[in-house]
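These are the residues of each chain, in order.
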Amino acid sequence: MVGKLLIQCELVTITGLHIGGTDTFSAIGAVDSPVIRDARTGRPIVPGSSLKGKLRSLLARSISKDIEKMPDFDEDAEEIKALFGSSKPVHAARAQFADCFLINFDEMKQIGLTEVKTENGIRRSDSVANPRQIERVVSGVKFGVCITYNQIDEEQTRKDLELLARGLKLLEMDYLGGHGSRGSGRVSFRNFRVSNENNEDLGALAAIFDVVNEYELFPDQISL
């Protein structure tokens, strides 16, 4: 079987999420590190490159025998190179990650989409504080995840989707974006759907992601 599959789910922020954007001009008093936004709507996004890169690095580290040193991209396990792409040998990625756009704006517009978190870096030599402001997407914001998968055959498809599910669960146990060691970037993936080019639901393949859908690092926070 040769064709395309569409893997869709929701990415929900559990703690504040910071994926940095760039600003050519910063006014006095402006946030030091803003989040990346869609230029058309001004709303925060999760770039597909951020999601893909984090999943690949988590999977590479989990498979590598040397946990202290990440392998080069060309030294990744063959199953990772096949799914995410490779330059040696040249191999197009089977999975393509779209940018993730906000899907619950109406729910969040009264609360606001972002917050400014003020942090202090304390210089150890003299205890002088170095304050900085970081913008974060607030808890509860939902982004739509869309991953297109180039299907080769049924057996390989199942193996690839199981690898992808493993990476998504590892990400739920880790963090996305910056400042993860200080609490930011905890996310949850929910409500998976897998369909073909005819928009037919493929429940058996969607069930592969139950291991992700049913796992929550902060179950009490999810119920809010």
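Engineer: What am I meant to see in the overall build of the chain here?
Structural biologist: A tally of helices and strands in the chain yields seven helices and ten strands. At 19 Å, the chain has a C-alpha radius of gyration in line with the 17 Å of a compact globule built from 224 residues. Looking at the 224 residues of the chain, the share that counts as buried comes to 40%. For the chain, contacts bridging at least 24 residues in sequence account for 69% of all contacts bridging at least 6. Computed over 28 positive and 33 negative side-chain charges, the separation of the two mean positions in the chain equals 4 Å.

Engineer: When you look at the pattern of salt bridges in this model, what are you seeing that I'm missing?
Structural biologist: Here the idea is simple: oppositely charged side chains can pair when their charged atoms come close. Applying the stated criterion across every chain, the model contains nine salt bridges. Glutamate 115 is paired through a salt bridge with arginine 136; the nearest N and O atoms lie 2.8 Å apart. Pair noted here: glutamate 115 is in strand β7 (residues 114–122) and arginine 136 is in strand β8 (residues 129–137), with a separation of 21 residues, a long-range link.

Engineer: How do you make sense of the environment of phenylalanine 97 when you look at a structure like this?
Structural biologist: Note that phenylalanine 97 resides in strand β5 (residues 95–97). Residue phenylalanine 97 is classed as buried on the basis of its relative accessible area, which comes to 13%. What phenylalanine 97 contacts, discounting residues up to four positions off in sequence, is Gly48, Leu51, Lys52, Leu55, Phe84, Cys146, Ile147 and Leu164.

Engineer: Honestly, helix α4 (residues 154–173) in this entry has me stumped. Any pointers?
Structural biologist: Each full turn of the α-helix corresponds to 3.6 residues, which orients residues three or four apart in the same direction. End to end, α4 covers 29 Å across 20 residues, agreeing with the expected 28 Å (1.5 Å per residue, within 8%). Buried residues of α4: Thr157, Asp160, Leu161, Leu163, Leu164, Ala165, Gly167, Leu168, Leu171 and Glu172, and no others. Its side-chain oxygen 3.2 Å from the backbone nitrogen of glutamate 155, aspartate 153 forms the N-cap of α4.

Engineer: Can you help me understand the nonpolar core in this one?
Structural biologist: As a rule of thumb, soluble globular proteins bury nonpolar side chains together. Of all hydrophobic cores here, the largest spans 45 residues; its most connected members are Phe143, Leu164, Phe189 and Phe209. For this core, the element with the most residues is α4, which contributes six residues.

Engineer: How do you make sense of the packing of aromatic side chains when you look at a structure like this?
Structural biologist: For any pair of aromatic rings, the description consists of the separation of the ring centres together with the inter-plane angle of the planes. Following the criterion strictly, the structure yields two aromatic pairs and no others. Between phenylalanine 84 and phenylalanine 97, the ring centres sit 6.0 Å apart and the planes meet at 10 degrees, which makes this aromatic pair stacked. Note that phenylalanine 84 is positioned in helix α2 (residues 78–84) and phenylalanine 97 in strand β5, a separation of 13 residues in sequence. Its relative accessible area of 2% is what places phenylalanine 84 among the buried residues. For the ring pair phenylalanine 192 and phenylalanine 209, a centre distance of 4.8 Å and an interplane angle of 5 degrees mean the geometry is stacked. Linking phenylalanine 192 in strand β10 (residues 187–196) with phenylalanine 209 in the loop between α5 (203–206) and α6 (210–213), this pair joins segments that are 17 residues apart in sequence.

Engineer: Mind showing me how you'd approach the side chain of lysine 54 here?
Structural biologist: One can find lysine 54 in helix α1 (residues 48–63). Non-local contacts of lysine 54, meaning those with residues more than four positions away in its chain, are made with Leu171, Asp174, Tyr175 and Leu176.

Engineer: Mind showing me how you'd approach the pairing of β7 here?
Structural biologist: A regular strand places its side chains on the two faces of the sheet in alternate fashion. Of the pairings in the sheet, the one linking β7 to β8 comprises nine bridges and is antiparallel in character. From the neighbouring strand, asparagine 120 faces β8, where its bridge partner is proline 131. Between β7 and the antiparallel strand that follows it, β8, lie six residues; serine 127 among them carries a positive phi value of about 65 degrees.

Basis of the calculations
- All residue numbers refer to positions counted from 1 along the written sequence of the respective chain.
- Totals for whole chains, interfaces and linings use all residues, but because this is a predicted model, local features are given only for residues with pLDDT of at least 70 and pairs of side-chain atoms are given and counted only at 80 or more.
- Hydrogen atoms and water are omitted, and side-chain values are computed over all heavy atoms in the structure.
- Only DSSP runs of H or I reaching four residues or more are called helices, and only runs of E reaching two or more are called strands; each is numbered from the N terminus.
- C-alpha atoms define the radius of gyration, and 2.2 Å times the number of residues to the power 0.38 defines the globule rule.
- With a 1.4 Å probe rolled over the protein chains alone, any residue whose accessible area is under 20% of its type maximum counts as buried; one over 50% counts as exposed, and the rest are partly exposed.
- Note on contacts: a residue pair qualifies if any of its non-hydrogen atoms lie within 4.5 Å across the two residues.
- Asp and Glu are treated as the negative residues and Lys and Arg as the positive ones, with His and the ends of the chain left uncounted.
- Charge positions come from single atoms, namely NZ of Lys, CZ of Arg, CG of Asp or CD of Glu.
- In what follows, salt bridge is the name for a side-chain nitrogen of Lys or Arg lying within 4 Å of a carboxyl oxygen of Asp or Glu.
- In this analysis, the expected span of each helix is defined as 1.5 Å times one less than the number of residues it contains.
- Under this definition, polar contacts are N or O atom pairs within 3.5 Å; protein pairs additionally need one hydrogen-donor-capable and one acceptor-capable atom, and for neighbouring residues in sequence, both atoms have to be side-chain atoms.
- We call a set of buried Ala, Val, Leu, Ile, Met, Phe, Trp, Tyr and Cys residues a nonpolar core when their side-chain atoms join them within 4.5 Å.
- Between rings of Phe, Tyr and Trp, where Trp is taken as its six-membered ring, a pair exists when centres lie within 6.5 Å; planes separated by under 30 degrees are stacked, by over 60 edge-to-face, and by other angles tilted.
- Two strands are said to pair when DSSP picks up at least two bridges between them.

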